[in-house]
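One letter stands for each residue in the lines below.
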Amino acid sequence: MVNPGEEPPTDEQVQEREGAVLDSIVLALRYMRGENLEPDFVKRYRADAVASPAVRDNLHAVLDEDAEWERLVESRSRAAAVLAEEDVRARDEADGDDGGDDAGGGGRDAELIRLRMDLRGAEDRLRGSRAEKERLGKELAGVDEKAAAKKDDDDDDDDLFGD
């Protein structure tokens, strides 16, 4: 919201704010899910890392929404597995197979479906990991640049004090 007399934020400013909020959410979830820290602990003792006040004030809601997201992903996987099983049955019926397990093919089909679903889940996790790696690489590059700039500043101080 823009106050009267103020200019609206630029696209870069909006993206920067959104990025800060997303980073805060990612870090908060990492603390709460990965390190098993309670939301109140994160709010009180990890405020430096979870920089967004909006995220800190809503950590319980963030955790609830993450649980809901996990439930939806699991439901999607189960629905895809059911659809894949029905697809196999439909193909079997179209081929004239009665769907029986007389040759042991039904068990293999179910195993194949399960393996395909596992593969899809692994691919999704891999894409997420790659995106996280790329984001962290960019963040690390920014930290390295800041450290190099600070070192240059420290070198100037050495000149002042004769070290």
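Note that the structure is predicted; figures quoted are calculated from it, not measured. The numbering scheme is per chain: residues are counted from 1 as the chain's sequence reads. At least 70 in pLDDT is required for a residue's local features to be given in this predicted model, at least 80 for side-chain atom pairs to be given and counted, and no such filter applies to totals for whole chains, interfaces and linings, which use all residues. Where side-chain values are given, they derive from all heavy atoms of the structure, hydrogens and water being excluded.

Undergrad: Mind showing me how you'd approach the overall build of the protein here?
TA: Secondary structure counts use DSSP, requiring at least four H or I residues in a row for a helix and at least two E residues in a row for a strand, with both numbered from the N terminus. Within the protein one finds five helices and zero strands. Sequence-ordered secondary structure for the protein, helices as α and strands as β, is α-α-α-α-α. For each residue, the accessible area found with a 1.4 Å probe, counting protein chains only, is set against the maximum for its type, and the residue is called buried under 20%, exposed over 50%, and partly exposed in between. Here the protein, with 163 residues, has 12% of them falling under the buried criterion. Counting contacts in the protein only where the partners sit at least 6 residues apart, residues at least 24 apart contribute 56% of the total. In this description, accessible areas are obtained by the Shrake-Rupley approach with a 1.4 Å probe, and a residue is regarded as covered only by the protein chains that are shown. Of the accessible surface of the protein, which amounts to about 12900 Å², a share of 52% is contributed by carbon and sulfur atoms. What makes two residues a contact is simply this: any of their non-hydrogen atoms within 4.5 Å.

Undergrad: Just checking my understanding: could you explain the layout of surface pockets for this structure?
TA: If you roll a probe as big as a water molecule over the atoms, it shows you where there is empty space left. We place a 1 Å grid over just the protein atoms. Points where a 1.4 Å probe fits but has no way out form a cavity, open points with protein on both sides within 12 Å along at least 5 of 7 lines form a pocket, and any residue with an atom within 4 Å of a point lines it. Grid points are joined across faces, edges and corners, and a volume is the space filled by probe spheres set on the points. There is about 1000 Å³ of room inside the largest pocket. Lining the largest pocket are 24 residues, with W69, E70, D124, R125 and G128 sitting closest to its centre. Contributing elements (two or more residues each) for the lining of the largest pocket: α1 (11–34), α4 (59–94) and α5 (105–161). Of the residues forming the lining of the largest pocket, the biggest block, ten residues, is contributed by α5. Just so you know the grouping, Ala, Val, Leu, Ile, Met, Phe, Trp, Tyr, Cys and Pro go in nonpolar, Asp, Glu, Lys and Arg go in charged, and all remaining residues, Gly too, go in polar. For the lining of the largest pocket, the residue count by class is nine nonpolar, four polar and eleven charged.

Undergrad: When you look at unusual backbone geometry in this model, what are you seeing that I'm missing?
TA: Trans peptide bonds make up the majority, and among non-glycine residues the majority have a negative phi. In this structure, N36 is a non-glycine residue whose phi angle is positive, near 55 degrees. Along the chain, the position of N36 falls in the loop between α1 and α2 (39–45). Judged by relative accessible area, N36 falls into the exposed class, the value being 62%.

Undergrad: Whenever I open this one, the nonpolar core confuses me. Can you help?
TA: In a soluble, globular protein the nonpolar side chains are often hidden away together inside. In this description, a nonpolar core means a group of buried Ala, Val, Leu, Ile, Met, Phe, Trp, Tyr and Cys residues linked to one another through side-chain atoms lying within 4.5 Å. Listed in full, the ten residues of the largest apolar core are A28, L29, Y31, M32, L37, V42, V50, V55, L59 and V62. Those elements that place two or more of their residues in this core are α1 and α4. Considering every element that reaches this core, the biggest residue donor is α1, with four residues. Leave out the neighbours within four places in its chain, and A28 touches V50, V55 and L59.

Undergrad: How do you make sense of the packing of aromatic side chains when you look at a structure like this?
TA: The description of an aromatic ring pair rests on the distance of the ring centres and on the angle between the ring planes. Aromatic rings from Phe, Tyr and Trp, with only the six-membered ring used for Trp, were paired whenever their centres fell within 6.5 Å, and each pair was classed as stacked if the ring planes differed by under 30 degrees, edge-to-face if by over 60, and tilted otherwise. Counted under the stated rule, the structure contains one aromatic pair. Between F41 and Y45 the ring centres are 4.9 Å apart and the planes differ by 45 degrees, which places this aromatic pair in the tilted class. With F41 and Y45 both in helix α2 and four residues apart, this pair spans about one turn of that helix. Whether a charge sits over a ring depends on NZ of Lys or CZ of Arg being within 6 Å of the ring centre and within 35 degrees of the ring normal. The positively charged end of R46 is found above the aromatic ring belonging to Y31, 5.5 Å away from the centroid.

Undergrad: Looking at this model, I keep getting lost on the packing of α1 against α4. Mind explaining?
TA: The geometry of a pair of packed helices is captured by two quantities: the angle between their axes and the separation between those axes. Between α1 and α4, the least distance of the axes is 10 Å, while the angle of their chain directions is 80 degrees. Classified by the angle their axes make, α1 and α4 are roughly perpendicular. Every residue of α4 that contacts α1 at I25, A28, L29, M32 and R33 is listed here: L59, V62, L63, D66 and E70. Under this scheme, a helix contributes an axis fitted over its contacting stretch, all axes are lines through C-alpha atoms, and angles between N-to-C directions fall in the 0 to 180 degree range. The labels follow the angle: roughly parallel below 35 degrees, roughly antiparallel above 145, roughly perpendicular from 65 to 115, and oblique for the rest.

Undergrad: Looking at this structure, I do not really get α1. What am I missing?
TA: Expected span of a helix: the number of residues minus one, times 1.5 Å. In this model α1 runs 33 Å from its N-terminal to its C-terminal C-alpha over 24 residues, within 8% of the 34 Å that 1.5 Å per residue would give. Every buried residue belonging to α1 is among S24, A28, L29, Y31 and M32, and all of these are buried. Where the residues of α1 are buried, they touch α2, α3 (53–57) and α4. Once α1 ends, the next one or two residues include N36, with phi positive near 55 degrees.

Undergrad: Can you help me understand the confidence of the model for the protein in this one?
TA: In regions of low pLDDT, the predicted coordinates are not meant to be interpreted in detail. Per-residue confidence from the predictor is given as pLDDT, running between 0 and 100. Of all residues in the protein, 84% attain a pLDDT of 70 or more, and the chain-wide mean is 82. Within the protein, the lowest mean pLDDT, 77, falls on α5, and the highest, 93, falls on α2.

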